[in-house]
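Examination of the molecular architecture
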Amino acid sequence: GGGGTSLLPRLVNVALAPDMAVVAAIDAPAGFDPRRRCLGKRYVYALRTGSRPALDRHRAWHAADGPLDVSAMDAAATHVHGKHDFTAFTSPGGEGGTSNMCTLTTVRVDRTAPREGRMDAHTLVFEGDRFTW
């Protein structure tokens, strides 16, 4: 490897939308195509309940009628786990020959302990076996 990956997250994050972030980078073998050879993809969505702080307004979905029923959300997540057709999430006229099927290997709700005077914080985590474009 070239050893230049330690700066890559900071450099890329400057150009990304505020709700996206690169948290780590490693060197890939020459010729690696991330769209066709990736091992998986992770989406993490932030949910908040309670009073709405100004700093989270563009980074988290705010559910004003908290608290959230995490047990019901966990139960619902079991129905999303597994193999599904993600055609609705792909670009129109995408690449021919690629499947829109994706297996969700992780679907979970995590709760972050709130700090005093702060709202409850939860994250929804979805991990799948491939990109869908």
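Residues numbered from 1 in each chain as written. Predicted model: local features only at pLDDT ≥ 70, side-chain atom pairs only at ≥ 80, totals over all residues. Heavy atoms only, no water.

1. Re the overall build of the protein
Looking only at helices and strands, the protein features three helices and five strands. In the protein, the succession of helices and strands from N to C terminus is α-α-β-β-α-β-β-β. When each of the 133 residues of the protein is scored for burial, the buried share is 23%. Contacts in the protein between residues far apart in sequence, at least 24 positions, make up 55% of those at least 6 positions apart. Summed over all atoms, the accessible surface of the protein reaches about 9700 Å², with 57% contributed by carbon and sulfur. (Helix = DSSP H or I, 4+ residues; strand = E, 2+ residues; numbered from the N terminus. Buried < 20%, exposed > 50% of the residue type's maximum accessible area, 1.4 Å probe, protein only. Contact = heavy atoms within 4.5 Å. Areas by Shrake-Rupley, 256 points an atom, 1.4 Å probe, with all protein chains shown as cover.)

2. Points about the nonpolar core
By size, the foremost hydrophobic cluster in this structure holds five residues: Ala77, Phe86, Cys102, Leu104 and Val107. With three residues, strand S4 (residues 101-112) is the single largest residue contributor to this core. Those residues within four positions of valine 107 in sequence are excluded, and the remaining contacts are Ala77, Val80, His81, Val125 and Phe126. (Core = buried A, V, L, I, M, F, W, Y, C linked by side-chain atoms within 4.5 Å.)

3. So, the pattern of salt bridges
Taken as a whole and judged by the stated rule, the model has two salt bridges. A salt bridge links arginine 42 to glutamate 127, with the nearest nitrogen and oxygen atoms 2.6 Å apart. Of this pair, arginine 42 sits in strand S1 (residues 41-49) while glutamate 127 sits in strand S5 (residues 120-128), and the two are 85 residues apart along the sequence. By relative accessible area, glutamate 127 is classed as buried at 16%. The residue arginine 108 makes a salt bridge to aspartate 110 at a minimum N-O spacing of 2.9 Å. (Salt bridge = Lys/Arg side-chain N within 4 Å of Asp/Glu carboxyl O.)

4. Let's talk about the sheet that holds strand S2 (residues 61-63)
The sheet built from five strands is open, its strands ordered S2-S1-S5-S4-S3 with mixed pairing. Edge positions in the sheet fall to S2 and strand S3 (82-85), since each of these pairs with one other strand and no more. Along the sheet, successive strands turn relative to each other by an average axial angle of 35°, direction set aside. Taken strand by strand, helix H3 (residues 70-80) contacts S1, S3, S4 and S5, and its axis lies near 170° from that of S4. (Pairing = 2+ DSSP bridges. Axes fitted to C-alpha atoms, helices over the stretch in contact; angles between N-to-C directions.)

5. Notes on the layout of surface pockets
One number sums up the size of the largest pocket: a volume of about 1500 Å³. Looking at the largest pocket, it is lined by 32 residues, and the ones nearest its centre are Met20, Ala21, Val22, Lys41 and Arg42. Within the residue set of the lining of the largest pocket, elements represented by two or more residues are helix H1 (8-15), helix H2 (34-37) and S1. Top element by residues in the lining of the largest pocket is S1. It accounts for six residues. Considering only residue class, the lining of the largest pocket consists of 23 nonpolar, three polar and six charged. (1 Å grid on protein atoms, 1.4 Å probe; cavity = no way out; pocket = protein on both sides within 12 Å on 5 of 7 lines; lining within 4 Å. Points joined across faces, edges and corners; volume = space filled by probe spheres on them. Nonpolar A, V, L, I, M, F, W, Y, C, P; charged D, E, K, R; others polar.)

6. Examining the packing of aromatic side chains
Tallied over the entire structure, the rule returns two aromatic pairs. Ring geometry for tyrosine 43 versus tyrosine 45: centroids 6.2 Å apart, planes at 10°, classification stacked. Overall, the relative accessible area of 41% leaves tyrosine 45 in the partly exposed class. By way of ring pairs, the aromatic residues Tyr43, Tyr45 and Phe126 are connected into one cluster. (Phe/Tyr/Trp six-rings, centres within 6.5 Å; stacked < 30°, edge-to-face > 60°.)

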